[in-house]
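What follows is the residue order along each chain.
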Amino acid sequence: QVQLVESGGALAQPGGSLRLSCVGSESIFSISVMGWYRQSPGNQRELVAYIFPDGSANYADSVKGRFTITRDNAKNTMYLQMSSLKPEDTGVYYCTADTLYHTDYEPDYWGQGTQVTVSA
């Protein structure tokens, strides 16, 4: 059974930092393109960033320069370092995995999500 387990969500102040982690099943992690989505009430789900097995990554314009996605294939773990946080970064962040990537990131596995709240 494939599992993606997120952690690290918390309440943070504007301008602050948080690091999210996602531990994935060994069976899929190293071959998958991994990514983070987020969703806040009243808004559409947004692809935040995704990372290829070789470490190359892509980011949404809204987080470019503030967020960094990394992965440790030996630990089956992906990270999202979030800095210069803004209230609009508030939402549930989901760890995702795309095991069949061709040209677009379309995950076939999702975690349960972790809440990030940015507020003074």
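Everything quoted here is computed from the prediction, not taken from an experiment.

Student: I'd love a proper account of the state of the cysteines, names of residues and values included.
Tutor: Applying the stated criterion to the full structure yields 1 disulfide. Residue Cys-22 pairs covalently with Cys-95 via a disulfide, S to S 1.9 Å. Between Cys-22 and Cys-95 the sulfur-sulfur dihedral comes to about -65 degrees; the bridge is accordingly left-handed. Residue Cys-22 is found in strand β3 (residues 18-24), and its partner Cys-95 is found in strand β9 (residues 91-98); the two are separated by 73 residues along the sequence. Look at Cys-22 and you get buried, because its relative accessible area is 0%.

Student: I'd love a proper account of the pattern of salt bridges, names of residues and values included.
Tutor: Scanning all chains against the criterion turns up 4 salt bridges. Across the pair Glu-46 and Arg-38 runs a salt bridge, and its minimum N-O distance is 2.8 Å. By relative accessible area, which is 6% here, Arg-38 ends up buried. Ionic pairing is found between Arg-66 and Asp-89, a salt bridge with its closest N-O pair at 2.8 Å. Taken together, the positions of Arg-66 in the loop between β6 (57-59) and β7 (67-72) and Asp-89 in the loop between β8 (77-82) and β9 put the pair 23 residues apart, joining distant regions of the chain. Per residue, the accessibility class of Arg-66 equals that of Asp-89, and both read buried. Ionic contacts of the salt-bridge type, sharing partners, join the residues Arg-38, Glu-46, Arg-66 and Asp-89 into one network.

Student: An account of unusual backbone geometry is requested, with residue identities and associated values reported.
Tutor: Look at Asn-76: it is not a glycine, yet its phi comes out positive at around 55 degrees. Looking at the secondary structure, you find Asn-76 in the loop between β7 and β8. Assessed through its relative accessible area of 14%, Asn-76 is described here as buried. Of note, Ser-84 is a non-glycine position whose phi angle comes to about 50 degrees, a positive value. On the secondary structure map, Ser-84 appears in the loop between β8 and β9.

What counts as what
Residues numbered from 1 in each chain as written. Predicted model: local features only at pLDDT ≥ 70, side-chain atom pairs only at ≥ 80, totals over all residues. Heavy atoms only, no water. Disulfide = S-S within 2.5 Å. Helix = DSSP H or I, 4+ residues; strand = E, 2+ residues; numbered from the N terminus. Buried < 20%, exposed > 50% of the residue type's maximum accessible area, 1.4 Å probe, protein only. Salt bridge = Lys/Arg side-chain N within 4 Å of Asp/Glu carboxyl O.

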